[in-house]
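Now for the letters of each chain:
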Amino acid sequence: GLLAPDAFLHVAEESGLIVDIGAWVVGEGCRRLRDWQRRGVSPNLRLSVNLGARELAHPDIVSTVLGAVQSAGIDPSSLCIEVTESTAMADRASGFRALRELSMAGVRVAIDDFGTGYSSLDHLRNMPADVLKIDRSFVQGISPESSDTALVAAALALGRALSMDVVAEGIETEQQATSLRELDCPIGQGYLFARPLPPEELDGLIEAGLSL
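Residues numbered from 1 in each chain as written. Predicted model: local features only at pLDDT ≥ 70, side-chain atom pairs only at ≥ 80, totals over all residues. Heavy atoms only, no water.

Colleague: How would you sum up unusual backbone geometry? Please name residues and give values.
Modeller: The residue Ser-163 is not glycine, and still its phi comes out positive at about 55°. Its location among the elements puts Ser-163 in the loop between helix H9 (147-161) and strand S5 (165-168). Despite not being glycine, Asp-184 shows a phi value in the positive range, around 65°. Checked against the element boundaries, Asp-184 lands in the loop between helix H10 (174-182) and strand S6 (187-188). (Helix = DSSP H or I, 4+ residues; strand = E, 2+ residues; numbered from the N terminus.)

Colleague: Before we move on, can you summarise the packing of helix H4 (residues 61-72) against helix H6 (residues 92-104) with the specific residues and values?
Modeller: Viewed as axis vectors pointing N to C, H4 and H6 meet at an angle of 25°, and their least axial separation amounts to 9 Å. One element, H4, and the other, H6, form an angle in the roughly parallel class. Of the two elements, H4 crosses H6, and the hand of that crossing is right-handed. On H6, the residues that touch Ile-61, Val-62, Val-65 and Leu-66 of H4 are Ala-98, Glu-101 and Leu-102. (Axes fitted to C-alpha atoms, helices over the stretch in contact; angles between N-to-C directions. Parallel < 35°, antiparallel > 145°, perpendicular 65-115°, else oblique. Left-handed = near helix turned anticlockwise from the far one by under 90°. Contact = heavy atoms within 4.5 Å.)

Colleague: Go over the sheet that holds strand S2 (residues 79-84) with me, naming the residues and quoting the values.
Modeller: Read across the open sheet, the six strands follow the order S1-S2-S3-S4-S5-S6; overall the sheet is parallel. Each of the sheet's edge strands pairs with one partner strand only, and the pair in question is strand S1 (47-50) and S6. Two elements, S1 and S2, share four bridges in a ladder whose sense is parallel. Residue pairing in the sheet places Asn-50 in a bridge with Glu-82 of S2. Where helix H2 (residues 18-38) meets the sheet, it contacts S1 and S2, and its direction lies at approximately 175° from that of S1. (Pairing = 2+ DSSP bridges.)

Colleague: Could you give an account of H4, with specific residues and numbers?
Modeller: Every α-helix winds through 3.6 residues per turn, so residues three or four apart in the chain are directed the same way. Its 12 residues place the ends of H4 17 Å apart at the C-alpha level, agreeing with the 16 Å of an ideal helix rising 1.5 Å per residue. Ile-61, Val-62, Val-65, Ala-68, Val-69 and Ala-72 are the residues of H4 that are buried. On an axial view of H4, the arc spanned by its buried residues comes to 140°, and they lie on one face. Opposite the buried face of H4, by more than 90 degrees, sit the exposed residues Gln-70 and Ser-71. (Expected span 1.5 Å × (residues − 1). Buried < 20%, exposed > 50% of the residue type's maximum accessible area, 1.4 Å probe, protein only. Arc of directions from axis to C-beta.)

Colleague: Could you give an account of the packing of H2 against H4, naming the residues involved and the relevant values?
Modeller: One way to put it is that H2 packs onto H4 with a least axis distance of 9 Å and a crossing angle of 30°. In terms of axis orientation, H2 runs roughly parallel to H4. The crossing of H2 and H4 is right-handed. On the side of H2, the interface is formed by Ala-23, Val-26, Gly-27, Cys-30, Arg-31, Arg-34 and Arg-38, while H4 contributes Thr-64, Val-65, Ala-68, Val-69, Ser-71 and Ala-72. Among the residues making up the contact of H2 with H4, the classes are represented as seven nonpolar, three polar and three charged. (Nonpolar A, V, L, I, M, F, W, Y, C, P; charged D, E, K, R; others polar.)

Colleague: Talk me through the environment of Ala-157; I want residue IDs and the actual numbers.
Modeller: One can find Ala-157 in helix H9. Separated by 27 residues in sequence, Ala-157 and Asp-184 place their C-alpha atoms 10.0 Å apart.

Colleague: Hey, could you go over the pattern of salt bridges for me, with residue numbers and the actual values?
Modeller: Side chains carrying opposite charge are able to pair once their charged atoms draw close together. Taken as a whole and assessed by the stated rule, the structure comprises seven salt bridges. For the salt bridge of Glu-28 with Arg-32, the shortest nitrogen-to-oxygen distance reads 3.4 Å. With Glu-28 and Arg-32 both in helix H2 and four residues apart, this pair spans about one turn of that helix. As a salt-bridge pair, Glu-82 and Lys-133 come within 2.8 Å of each other at their nearest N and O atoms. Here Glu-82, found in strand S2, pairs with Lys-133, found in strand S4 (residues 131-134); they are 51 residues apart in sequence, far enough to count as distant. In this pair, the class of Glu-82 matches that of Lys-133, namely buried. Beyond isolated ion pairs, a larger network of salt bridges with shared partners links Glu-28, Arg-31 and Arg-32. (Salt bridge = Lys/Arg side-chain N within 4 Å of Asp/Glu carboxyl O.)

Colleague: Break down H9 for me, citing the residues and quoting the values.
Modeller: Over its 15 residues, H9 runs 21 Å from end to end, which matches the ideal 21 Å to within 8%, given 1.5 Å per residue. Turning to H9, its buried residues are Asp-148, Thr-149, Val-152, Ala-155, Leu-156 and Gly-159. In an axial view of H9, the angular spread of the buried residues amounts to 125°, which keeps them on one side of the axis. For H9, exposure combined with an orientation more than 90 degrees from the buried face picks out Ser-147, Ala-150 and Ala-161. Residues of H9 that are buried make contact with strand S3 (108-114), S4, helix H8 (136-140), S5 and H10. For H9, the side-chain oxygen to backbone nitrogen distance between the N-cap and Asp-148 is 3.0 Å, and the N-cap itself is Ser-146. Directly beyond the C-terminal end of H9, a positive phi value near 55° is found at Ser-163. (Polar contact = N/O pair within 3.5 Å; in protein donor to acceptor, adjacent residues only side chain to side chain.)

What follows is the structure in structure tokens.
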């Protein structure tokens with residue numbers, strides 16, 4: 001039957017099948033993005049794809065990603081590759097090299113789940129990334145009297161200082177969204193806006209011109 005990703009991804013990682021799965025996801029995602037963009041409703045629509053440590057360390061990862069972009073005929077900047085700090089640091093030499101090559105080719109790079117991994121300023125400064133994504137664990141605890149609010153504010157300031165876009169993950173309530181707006185957080189994602197959807201339902205949102 002249909003399985004949620006957390007039911008099989010660890011097996012795919014251990015067996016190495018994650019490399020093939022990831023290549024399919026990138027290719028299929030780029031093709032769908034091309035179709036959505038060509039409808040003209042949201043030509044600036046971007047797609048984000050997560051890569052795990054085994055995928056990032058694979059010698060063909062750069063050619064796989066750029067090949068998918070070229071095959072779909074999309075602008076490289078409309079694709080964003082997301083990696084966690086831990087993923088990027090699993091094999092720093094090959095990981096940073098792959099991310100740097102993708103960045104130089106125009107693909108955007110995001111640091112996912114920021115605040116839960118190494119969180120080294122030296123690593124952050126040297127990582128070729130365009131986007132900083134604040135982990136949902138900090139967003140979930142945000143409130144006027146919470147220390148999480150100060151941590152989110154610090155992450156926002158850090159992202160701005162490094163000229164990175166900052167995204168708050170895991171927004172589920174209007175109160176969280178309001179608190180983040182008050183902190184001048186520019187971008188948010190989470191169940192408050194939309195839950196995971198099959199393509200045909202996402203088609204409807206895009207055609208309606210809604211901001212995702």
